Amino acid sequence: MATLTVKRIVCLANSRKMAGRCVAGKEISEDGHPGNWIRPVSNREIESISERERCYADGNDPELLDIIEVPLLSAKPKDYQQENWLLDPSRQWRKVGRLSWDDLPSLADPETPLWTNGFTSRGGKNDQVPVDVAAGHDTSLRLIRVEDLTVIVSEPSRPSANFSILRGRFTHCNETYCFRITDPVSENGSINLPYAEYPVGERYLTVSLGEPFEGHAYKLIAAIIRP
């Protein structure tokens with residue numbers, strides 16, 4: 001029988017995942033030191049989190065940089081997503097604090113290439129990894145600082161889509177990357193923007209190696225954190 005444990009994390013992603021969300025963050029100790037990445041997941045097939053499962057007692061949704069106490073049942077690692085933990089859907093999450101932009105340097109991960117490079121989708125750059133190659137990785141989340149983010153707004157892939165396609169292009173460790181953006185705040189902010197490129201400069205990005213799709217795991221920008 002699973003034993004309840006409560007993890008205190010700083011929210012570094014609350015990104016769109018099918019009809020739900022993918023929430024992730026780093027564990028925060030009592031004295032404020034950051035620890036390992038944690039991605040709470042549900043027991044449904046795609047493991048996304050519903051609004052009911054992630055909201056606070058007052059009905060609000062977790063925001064980036066919130067410090068949250070999350071009730072969890074057990075570690076649930078799979079393949080390269082070793083950070084997954086099964087959430088307890090019967091208990092509510094609790095906001096206990098908040099960090100700021102100035103706290104982000106201590107949370108950022110070491111500057112190394114973003115998983116395996118050299119594989120590119122149409123419209124992207126270094127944004128996909130064959131599943132058999134991805135299996136060799138043991139992490140799927142990174143927090144990085146970039147100085148040259150450009151957001152690209154382009155036409156939806158189908159007329160029924162609710163949002164334009166958003167991609168973020170940036171340089172990291174002397175490599176150029178261009179990933180799909182699944183940050184709902186950015187998606188909502190782009191609704192009325194013309195199709196174009198928008199240089200935005202310095203940002204912190206939470207990047208994720210997502211679920212396999214047609215033989216590849218795709219690198220995504222799960223959150224854009226602004227000053």
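In what follows, the structure referred to is the one given above.
The rules behind these values
- Residues numbered from 1 in each chain as written.
- Predicted model: local features only at pLDDT ≥ 70, side-chain atom pairs only at ≥ 80, totals over all residues.
- Heavy atoms only, no water.
- Helix = DSSP H or I, 4+ residues; strand = E, 2+ residues; numbered from the N terminus.
- Buried < 20%, exposed > 50% of the residue type's maximum accessible area, 1.4 Å probe, protein only.
- Contact = heavy atoms within 4.5 Å.
- Salt bridge = Lys/Arg side-chain N within 4 Å of Asp/Glu carboxyl O.

Colleague: Mind laying out the environment of Val131, listing which residues take part and the relevant values?
Modeller: With respect to the helices and strands, Val131 occurs in helix H3 (residues 131–134). Taking relative accessible area as the criterion, Val131 reaches 31% and is therefore assigned partly exposed. Val131 sits 51 residues away from Tyr80 along the chain, and the two C-alpha atoms are 9.5 Å apart. Not counting residues within four places of it along the chain, the set of residues in contact with Val131 comprises Pro212, Gly215, His216 and Ala217.

Colleague: Go over the environment of Pro77 with me, naming the residues and quoting the values.
Modeller: By secondary structure assignment, the location of Pro77 is in the loop between strand E4 (66–75) and strand E5 (84–87). Taking relative accessible area as the criterion, Pro77 reaches 43% and is therefore assigned partly exposed. Placed 38 residues apart in sequence, Pro77 and Arg39 show a C-alpha to C-alpha distance of 9.6 Å.

Colleague: An account of the pattern of salt bridges is needed here, citing residue identities and associated values.
Modeller: Following the criterion strictly, the structure yields 20 salt bridges and no others. Of the charged contacts, one joins Glu69 and Arg8 as a salt bridge, the two residues approaching to 2.7 Å between their closest N and O atoms. Highlighted residues: Glu69 in strand E4 and Arg8 in strand E1 (residues 5–17), separated in sequence by 61 residues. Across the pair Lys17 and Glu211 runs a salt bridge, and its minimum N-O distance is 3.1 Å. Taken together, the positions of Lys17 in strand E1 and Glu211 in strand E11 (residues 196–213) put the pair 194 residues apart, joining distant regions of the chain. When its relative accessible area of 15% is taken as the criterion, Lys17 is described as buried. A residue is classified by how much of its surface remains accessible, and Glu211, at 27% relative accessible area, is partly exposed.

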